[in-house]
Amino acid sequence: LNLPRWMQQKNNRNSKTKTFRSTMAQDSTVQLDVAFACDCTASMGSYIHQAQRSIQQISADIRAKCKASLRFALVEYRDHPPQDSTFVTRINAFTDSLQTMQQYVDQMSAQGGGDGPEAVADALHEIANLPWRDNAIKICVWIADAPPHGLGEASDGFPNGTSIDPLQAINELKQKGVVTYAVGCEPALSTSYKHARDFMMNAADSTEGKYLPLGKADLLSKVVVGGALEGVSLEAIWAEVKDDLEGLKKQGLSTEEACAKHHAKVAAVHVADHVEVDSPYAAGYDYANVKQMQACSSLSALRAQGGLSTSINSQAPMQAQQYNYQAQQCQQYSAPPSVSQLNRWANHHSGVGH
């Protein structure tokens, strides 16, 4: 099993996350679908307004900066009865209207929930099964302060999980090509739960996304919008990249080898803006649980492998609690698009990537 991508970073590998924004002109024919999933239980009371501001700013910034055919959706979630009697999930359908999206966000409120873990698996399943456009760049922004049921947390009303398996829900997102930005409401996420942070990291890494703590709304927006612009820019240059990659693959090269060979040619023409964001977790974070979840297709398979470790990353809750999120910083710089970007986008287009 390969290590998560952030563990393979050569520079400051455990304290940065990275995304990209193209400086090239965008193509208005590109389709971009963005869906938000947000925990709306009572424990989100201190975070819900911050989550609303973040969703609003991300939506507005994507509208302003991405010259693409845009749609937005929102899935709110709470929990299953008897833990909560209001709703498990509430789906607000895709819309191309920023005003309608604003109305979706305005109706969000934090109440109910019962036990600690929430109906995360149901929400991610609903996100995966939204009516995404076939050719659209697909992005999910998931904001939460609690894990799904069934991971082994204390006070879990459904210790064996519910009808939707959370690991299978992540695999659904992966199969649909939905890049997931998992946004953890810290420090509650790390101080209240043993496995919530690792689960969110798994969701992000498995779908080529990013895990981020909920800090300043403008900083979160920069990262998510940067990821959207990366996709739009790669889609815009795909026509000229595709023919070359197909030719190289006919020579017997794998997709990754073809992308590496093509990289020098693309790098000479296109430049991307890289965004690095400070993380509250210091170097030395142990990703064993993340890798364990990625190796298992379901909760039953995870349990058969001994479940998740509770003896690692004991320092993380204190790091999350002491971190100054309002002082969180990001750095931006220009550099050519990477081989991994080209490889990922080749896999986005099944005719070349598989």
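Reading the values: the criteria
- Residues numbered from 1 in each chain as written.
- Predicted model: local features only at pLDDT ≥ 70, side-chain atom pairs only at ≥ 80, totals over all residues.
- Heavy atoms only, no water.
- Helix = DSSP H or I, 4+ residues; strand = E, 2+ residues; numbered from the N terminus.
- Contact = heavy atoms within 4.5 Å.
- Core = buried A, V, L, I, M, F, W, Y, C linked by side-chain atoms within 4.5 Å.
- Buried < 20%, exposed > 50% of the residue type's maximum accessible area, 1.4 Å probe, protein only.
- Disulfide = S-S within 2.5 Å.
- Phe/Tyr/Trp six-rings, centres within 6.5 Å; stacked < 30°, edge-to-face > 60°.
- Lys NZ or Arg CZ within 6 Å of the ring centre and 35° of its normal.
- Salt bridge = Lys/Arg side-chain N within 4 Å of Asp/Glu carboxyl O.
- Right-handed = clockwise from strand over helix to strand, strands pointing away.
- Pairing = 2+ DSSP bridges.
- Polar contact = N/O pair within 3.5 Å; in protein donor to acceptor, adjacent residues only side chain to side chain.
- Arc of directions from axis to C-beta.

Chemist: How would you explain the environment of isoleucine 137 if you had to name every residue and give the values?
Modeler: With respect to the helices, strands and loops of the structure, isoleucine 137 is situated in strand E5 (residues 137-144). Filtering out sequence-adjacent residues up to four positions away, isoleucine 137 remains in contact with Val30, Gln31, Leu32, Asp33, Gly231, Val232, Glu235 and Trp345.

Chemist: Kindly report on the nonpolar core, identifying the contributing residues and their values.
Modeler: By size, the foremost hydrophobic cluster in this structure holds 53 residues, and its most contacted members are Leu32, Phe36, Ile62 and Ile143. Element by element, the count of residues in this core is highest for helix H7 (residues 217-250), at 14 residues. Discounting residues that sit within four places of it in the chain, isoleucine 143 has contacts with Ala37, Cys38, Asp39, Met44, Ala51, Ile55, Tyr77, Val183, Cys185 and Leu214. In this structure, Ala121, Leu151, Tyr211 and Tyr281 belong to the second largest nonpolar core, which totals 47 residues.

Chemist: Mind laying out the state of the cysteines, listing which residues take part and the relevant values?
Modeler: For the structure shown, the criterion picks out zero disulfides. Looking at the unpaired cysteine 185, the closest cysteine sulfur is the one in cysteine 38, lying at 7.1 Å.

Chemist: Requested: an account of the packing of aromatic side chains, with residues and values cited.
Modeler: One pass over the structure, following the stated rule, counts five aromatic pairs. Plain terms: the ring middles of tyrosine 211 and tyrosine 281 are 6.1 Å apart, the flat faces sit at 25 degrees to each other, and that makes the pair stacked. Taken as a pair, tyrosine 211 in strand E7 (residues 210-213) and tyrosine 281 in the loop between strand E8 (272-278) and helix H9 (288-294) lie far apart in primary sequence, 70 residues in all. Each member of the pair, tyrosine 211 together with tyrosine 281, is buried. Centroid distance tyrosine 285 to tyrosine 287: 4.9 Å. Interplanar angle 55 degrees. Geometry classified as tilted. Neither residue differs from the other here; tyrosine 285 and tyrosine 287 are each classed as buried. Taken together, the ring pairs connect Tyr211, Tyr281, Tyr285 and Tyr287 into an aromatic cluster. For the cation-ring pair, arginine 197 lies above tyrosine 281, with the distance from its terminal atom to the ring centre recorded as 5.5 Å.

Chemist: If you had to explain the pattern of salt bridges to someone new, which residues and values would you point to?
Modeler: If you walk through the whole model with that rule in mind, you get three salt bridges. A salt bridge links arginine 133 to aspartate 33, with the shortest nitrogen-to-oxygen separation between them at 2.6 Å. Of this pair, arginine 133 sits in the loop between helix H3 (120-128) and E5 while aspartate 33 sits in strand E2 (residues 31-39); the two residues are 100 residues apart in sequence, bridging distant segments of the chain. Each of the two residues, arginine 133 as well as aspartate 33, counts as buried.

Chemist: For the pairing of E2, give the residues involved together with the corresponding values.
Modeler: When you tally the buried positions in E2, you get eight out of nine residues, the bulk of the element. A crossover connection joins E2 to the parallel strand E3 (residues 69-77) through helix H1 (residues 48-65); in handedness this β-α-β unit is right-handed. Note: E2 against E5, seven bridges, orientation parallel. Residue pairing for E5: cysteine 38 is matched across the bridge by isoleucine 143.

Chemist: Give a detailed account of the side chain of threonine 41, specifying residues and quantitative values.
Modeler: Topologically, threonine 41 is positioned in the loop between E2 and H1. Note on threonine 41: relative accessible area 0%, which makes it buried. One polar contact links threonine 41 to aspartate 39, side chain to side chain, over a distance of 2.6 Å. A polar side-chain atom of threonine 41 sits 3.4 Å from a polar atom in the side chain of glutamate 118. Contact partners of threonine 41, with chain neighbours within four places excluded, come to Tyr77, Arg78, Ala110, Gln111, Gly112, Gly113 and Glu118.

Chemist: Report on helix H2 (residues 98-106), specifying residues and quantitative values.
Modeler: Within H2, the full set of buried residues consists of Met101, Tyr104 and Val105. Relative to the axis of H2, the buried residues are bounded by an arc of 95 degrees and lie together on one face. Of the surrounding secondary structure, the elements contacted by the buried residues of H2 are E2, H1, E3 and strand E4 (89-95). Near the N-terminus of H2, the side chain that reaches the backbone nitrogen of glutamine 99, with its oxygen 3.3 Å away, is that of serine 97.

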